[in-house]
Amino acid sequence: MSGFEELHMVDPPSQRTVKNSTLLVPQICTIMLILHYPHHFRLQFDENLGTPRCWLITAYTLLQDGFSNVQLITRDKSVGGVWARERIYPGLTINNVYGEFRFSSLPMPPPINPTGGRLSGEDMCNYMESFADAFLKDKIRLRLRTEVWSIRRGGKAPWIINVENLTTGLHEHLEFDKLVVCTGGCSAPRIPPSLSVTSMQRAGFRGLVLHSNEFDGGSIVVVGGGKSAQDISSYLANEGRKVTVVFDTMDAFLGTPITLPAFIRKSRFLPIISPHIELRTRLERFLHGTWLGAKIVHFLWDNITQTGFNTFKIPPESPLRRAHSLFWSIRTNDEGAGRPNGFHALVNAGVIEVIAPAHVEGYATDGRSVLLSNGKNVPADVVVLCTGYTSSWGKIFDASTASELGIETHPPTIEVSDDWNYASLANPPTVRVENELWASSIYRGIVPAKSIARRDFAVNGAMFSTNNGYTCEVVAHWISAYFIGERMRLPSNAEEALYEAARNAAWMKKRYPGILAWTNESYSAALPFWNWPQAVDQLLDDLYLPSLRSGTIDLSELSTLSEERRAKRAAVGST
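Residues numbered from 1 in each chain as written. Predicted model: local features only at pLDDT ≥ 70, side-chain atom pairs only at ≥ 80, totals over all residues. Heavy atoms only, no water.

Description of the packing of aromatic side chains
Turning to step 1, where the next piece is worked out: Evaluated as defined, the whole model comprises 20 aromatic pairs.
Turning to step 2, where the next piece is worked out: Here Phe 253 and Phe 309 contribute two aromatic rings whose centre-to-centre distance is 5.9 Å and whose plane-to-plane angle is 70°, an arrangement assigned as edge-to-face. On the criterion of sequence distance, the pair formed by Phe 253 in strand β16 (residues 252–254) and Phe 309 in helix α8 (residues 291–311) is long-range, its members being 56 residues apart. Considered together, Phe 253 and Phe 309 belong to a single accessibility category, that of buried residues.
Turning to step 3, where the next piece is worked out: An aromatic cluster of at least three residues, connected via ring pairs, comprises Trp 301, Phe 327, Trp 328, Phe 464, Phe 529 and Trp 530.
Turning to step 4, where the next piece is worked out: Against the face of Tyr 544 rests Arg 487, its NZ or CZ located 3.8 Å from the ring centre.
Turning to step 5, where the next piece is worked out: Against the face of Phe 327 rests Arg 511, its NZ or CZ located 4.3 Å from the ring centre. (Phe/Tyr/Trp six-rings, centres within 6.5 Å; stacked < 30°, edge-to-face > 60°. Helix = DSSP H or I, 4+ residues; strand = E, 2+ residues; numbered from the N terminus. Buried < 20%, exposed > 50% of the residue type's maximum accessible area, 1.4 Å probe, protein only. Lys NZ or Arg CZ within 6 Å of the ring centre and 35° of its normal.)

Points about unusual backbone geometry
Turning to step 1, where the next piece is worked out: Cis peptide bonds are those with omega within 30 degrees of zero, and the linkage from Ala 356 to Pro 357 qualifies with 0°.
Turning to step 2, where the next piece is worked out: The phi dihedral of Asn 427 falls on the positive side, at around 60°, and the residue is not glycine.
Turning to step 3, where the next piece is worked out: Within the secondary structure layout, Asn 427 lies in the loop between α10 (399–405) and β24 (442–443).
Turning to step 4, where the next piece is worked out: By relative accessible area, Asn 427 is classed as exposed at 72%.
Turning to step 5, where the next piece is worked out: Phi is positive for Arg 455, which is not a glycine, with a value near 50°.
Turning to step 6, where the next piece is worked out: Looking at where Arg 455 falls in the secondary structure, it is placed in the loop between β25 (447–448) and β26 (457–459).
Turning to step 7, where the next piece is worked out: Residue Arg 455 is classed as partly exposed on the basis of its relative accessible area of 25%.

Comments concerning the side chain of Lys 227
Turning to step 1, where the next piece is worked out: Considering the arrangement of structural elements, one finds Lys 227 in helix α4 (residues 227–238).
Turning to step 2, where the next piece is worked out: A relative accessible area of 14% places Lys 227 in the buried class.
Turning to step 3, where the next piece is worked out: In this structure the side chain of Lys 227 is engaged in a polar contact, spanning 2.4 Å, whose partner is the side chain of Asp 231.
Turning to step 4, where the next piece is worked out: With sequence-adjacent residues up to four places away left out, Lys 227 is seen in contact with Thr 93, Ile 94, Asn 95, Arg 118, Asp 251 and Asn 333. (Polar contact = N/O pair within 3.5 Å; in protein donor to acceptor, adjacent residues only side chain to side chain. Contact = heavy atoms within 4.5 Å.)

Considerations on the nonpolar core
Turning to step 1, where the next piece is worked out: Core analysis: the largest hydrophobic core is formed by 86 residues, its most contacted members being Phe 131 and Trp 478.
Turning to step 2, where the next piece is worked out: In terms of residue count, the dominant contributor to this core is helix α11 (residues 468–484) (10 residues).
Turning to step 3, where the next piece is worked out: Not counting residues up to four positions away in its chain, the partners in contact with Phe 131 are Leu 56, Ile 57, Tyr 60, Phe 103, Ser 105, Leu 106 and Leu 136.
Turning to step 4, where the next piece is worked out: Core analysis: the second largest hydrophobic core is formed by 25 residues, Ala 252, Ile 277, Leu 279 and Ile 515 among them. (Core = buried A, V, L, I, M, F, W, Y, C linked by side-chain atoms within 4.5 Å.)

Some words on the confidence of the model for the protein chain
Turning to step 1, where the next piece is worked out: Residue-level pLDDT values for the protein chain average 82, and 83% of them are 70 or greater.
Turning to step 2, where the next piece is worked out: Contacts for the low-pLDDT stretch residues 1–51, under 50 throughout, to residues beyond four places or in other chains number 252 contacts. (pLDDT = per-residue confidence, 0-100.)

A look at the sheet that holds strand β19 (residues 360–363)
Turning to step 1, where the next piece is worked out: One open sheet holds the 3 strands; their spatial order is β19-β20-β21, and the pairing between them is antiparallel. In this open sheet, the two strands that pair with only one neighbour each are β19 and β21 (377–379). The sheet shows a mean angle of 30° between the axes of neighbouring strands, direction not considered.
Turning to step 2, where the next piece is worked out: Alignment of strand β20 (residues 369–372) against β21, held across 3 bridges, turns out to be antiparallel. Considered in β21, the bridge of Leu 371 is made with Asn 377. (Pairing = 2+ DSSP bridges. Axes fitted to C-alpha atoms, helices over the stretch in contact; angles between N-to-C directions.)

Brief notes about the pattern of salt bridges
Turning to step 1, where the next piece is worked out: Evaluated as defined, the whole model comprises 24 salt bridges.
Turning to step 2, where the next piece is worked out: For the salt bridge of Arg 153 with Asp 456, the shortest nitrogen-to-oxygen distance reads 2.8 Å. In this pair, Arg 153 sits in strand β8 (residues 146–153) while Asp 456 sits in the loop between β25 and β26, placing the two residues 303 residues apart along the sequence.
Turning to step 3, where the next piece is worked out: Put simply, Asp 419 and Arg 503 hold a salt bridge, and the shortest N to O gap is 3.8 Å. Here Asp 419 is found in the loop between α10 and β24, whereas its partner Arg 503 is found in helix α12 (residues 494–511), with 84 residues between them in sequence. (Salt bridge = Lys/Arg side-chain N within 4 Å of Asp/Glu carboxyl O.)

Some details on the state of the cysteines
Turning to step 1, where the next piece is worked out: Evaluated as defined, the whole model comprises 0 disulfides.
Turning to step 2, where the next piece is worked out: We note that Cys 54 lacks a disulfide partner, and the nearest cysteine sulfur, in Cys 472, lies 3.3 Å from it. (Disulfide = S-S within 2.5 Å.)

Some words on helix α2 (residues 121–135)
Turning to step 1, where the next piece is worked out: For α2, spanning 15 residues, the distance from its first C-alpha to its last is 21 Å, which sits close to the expected 21 Å at 1.5 Å a residue.
Turning to step 2, where the next piece is worked out: Taken residue by residue, α2 has Gly 121, Asp 123, Met 124, Cys 125, Tyr 127, Met 128, Glu 129, Phe 131, Ala 132 and Phe 135 as its buried positions. (Expected span 1.5 Å × (residues − 1).)

Things to note about the layout of surface pockets
Turning to step 1, where the next piece is worked out: Of the volumes computed, that of the second largest pocket is approximately 440 Å³.
Turning to step 2, where the next piece is worked out: Along its surface, the second largest pocket is lined by 27 residues, and His 276, Ile 277, Arg 444, Asn 504 and Gln 538 are the ones closest to its centre.
Turning to step 3, where the next piece is worked out: Going through the elements one at a time, α12 and α13 (532–542) are the ones with two or more residues in the lining of the second largest pocket.
Turning to step 4, where the next piece is worked out: With 7 residues, the single largest contributor to the lining of the second largest pocket is α12.
Turning to step 5, where the next piece is worked out: A class-by-class count of the residues in the lining of the second largest pocket yields 14 nonpolar, 5 polar and 8 charged. (1 Å grid on protein atoms, 1.4 Å probe; cavity = no way out; pocket = protein on both sides within 12 Å on 5 of 7 lines; lining within 4 Å. Points joined across faces, edges and corners; volume = space filled by probe spheres on them. Nonpolar A, V, L, I, M, F, W, Y, C, P; charged D, E, K, R; others polar.)

Some remarks on α12
Turning to step 1, where the next piece is worked out: Taking 1.5 Å per residue, 18 residues should reach 26 Å; α12 reaches 25 Å between its end C-alpha atoms and fits that length.
Turning to step 2, where the next piece is worked out: Turning to α12, its buried residues are Ala 497, Ala 501, Ala 502, Arg 503, Asn 504, Ala 505, Trp 507, Met 508, Lys 509 and Arg 511.
Turning to step 3, where the next piece is worked out: For α12, the elements touching its buried residues are β24.
Turning to step 4, where the next piece is worked out: The opening residue of α12 is Asn 493, an N-cap whose side-chain oxygen sits 3.1 Å from the backbone nitrogen of Glu 495.

What about empty space enclosed by the protein?
Turning to step 1, where the next piece is worked out: One pass over the full model with this rule turns up 4 cavities of 30 Å³ or more.
Turning to step 2, where the next piece is worked out: Counted as a void, the largest cavity has a volume near 90 Å³.
Turning to step 3, where the next piece is worked out: What lines the largest cavity is a set of 14 residues, and nearest its centre among them are Glu 335, Arg 339, Gly 342, Phe 343 and His 344.
Turning to step 4, where the next piece is worked out: The set of elements that each furnish at least two residues to the lining of the largest cavity consists of α4 and α9 (343–348).
Turning to step 5, where the next piece is worked out: Tallying contributions element by element places α4 first for the lining of the largest cavity, with 4 residues.
Turning to step 6, where the next piece is worked out: Grouping the amino acids of the lining of the largest cavity by side-chain chemistry returns 3 nonpolar, 6 polar and 5 charged.
Turning to step 7, where the next piece is worked out: Put simply, the second largest cavity is a space of about 50 Å³.
Turning to step 8, where the next piece is worked out: As for the second largest cavity, its lining consists of Ala 252, Phe 253, Thr 305, Phe 309, Ala 323, His 324 and Leu 326.

The structure is reproduced here in structure tokens:
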């Protein structure tokens, strides 16, 4: 994009120190923003690796609040993050339908190839590039192909970031005052030990093994039942290749015979029939606090599940019914009305072979196949591991910094009473005890509780929801207000923040048993999956702004947040 300047360092030294303000950004991207607040109040932010939505809307919001001299650093060649131009491939779709993955300041054009309202990787790439062109062009300086190697607290400067320009090889030490991490949780592959390179070499496996984030085609055995596994196997099958998918349990999915109208999709129906940490309305208290209400809740979720199976014509005996629970899990995709060349249709037609329930235990000694938990061998020229991701924070924060900052997972240390004796949460699924032994201490999923008084670090992208555009935009305003020092509803000290974070961690384990063993801390500091409207209402309450803005939820209702906050600051300043 011509409006952005790619910086190539030509200084003779191989290392130098640069004092700046910084913001790090998306997945496989590192973004650094040099930000100055008016009236000589300096702020500096940082964001690294993650999804583009977070850094785009964070940068835009900070600019709207009067910050300037913004510098962005990214490992990628372009600004799309997960949907960067060089990363998307045919058949790549996202978990949201049209209209639910954008920002209030820029409408999204209709999908290029609309099928059930689903958005493709190309749709998302075009939108992210358009947003950057419309609102960040000529307002930020962009460093492409730059890697962040470490972030640590400094002495004179609050933060020091070590980066490398991947084009020139130049290393730099950058100093800044405040940091926003928008790394997401889908950039560092999780490789099971039994399927690692070492195990492959030990078994003499002669095929190609890659993680889904390295996928670029090839005949394949796909390991996993999640979104990446479904997209990749569909792409291969549609290219005429033989594909075998091996999983124990696949993602749950929403499916409807027709694209639901906006007044249904944008209502609070699903959020209300999903229990939240706080039951704020009489209807929620009835649905989740009474025997009859709980019966209604589970009847509705069971029918939503069955509607999806019926819409996609899933036979009763099909392994595609071995899916996670829509109610108890966040491993869910929104498939809309489906498409004839999609994963479920191709499995039904026998084009994609599915082996389930089964695990890939390792590589067979014949060097040409993988060994399954049922004792069978499956021939494989290529194995794609759709086995999830580890934290994107592990690489850029060493253990000491992570502990000092308060972003690491740890055994629960604060006793929290169980205030959620909800009838709708009776009879939860059984999980292994070891899956419940860890907790996170990030207040509201945004600020490490132990560092809350410092106002020099925040996260955007660690709140897992089904409406990322809306959630990230409200979080961006929360962060900007937090850094500016606006009047906010915040804990009075670190101890109060730690207790609230511990309470939230206990709630997540209660609401979604075992799910924290599947996610990683860089995108699961908060899990308002179905309950994102209630969660953003809480954030708006923190800002002393109107919440429960409408019965039908639309991003346009966020378009005035900057003006509302500006008026609030002016009113406070005049008193």
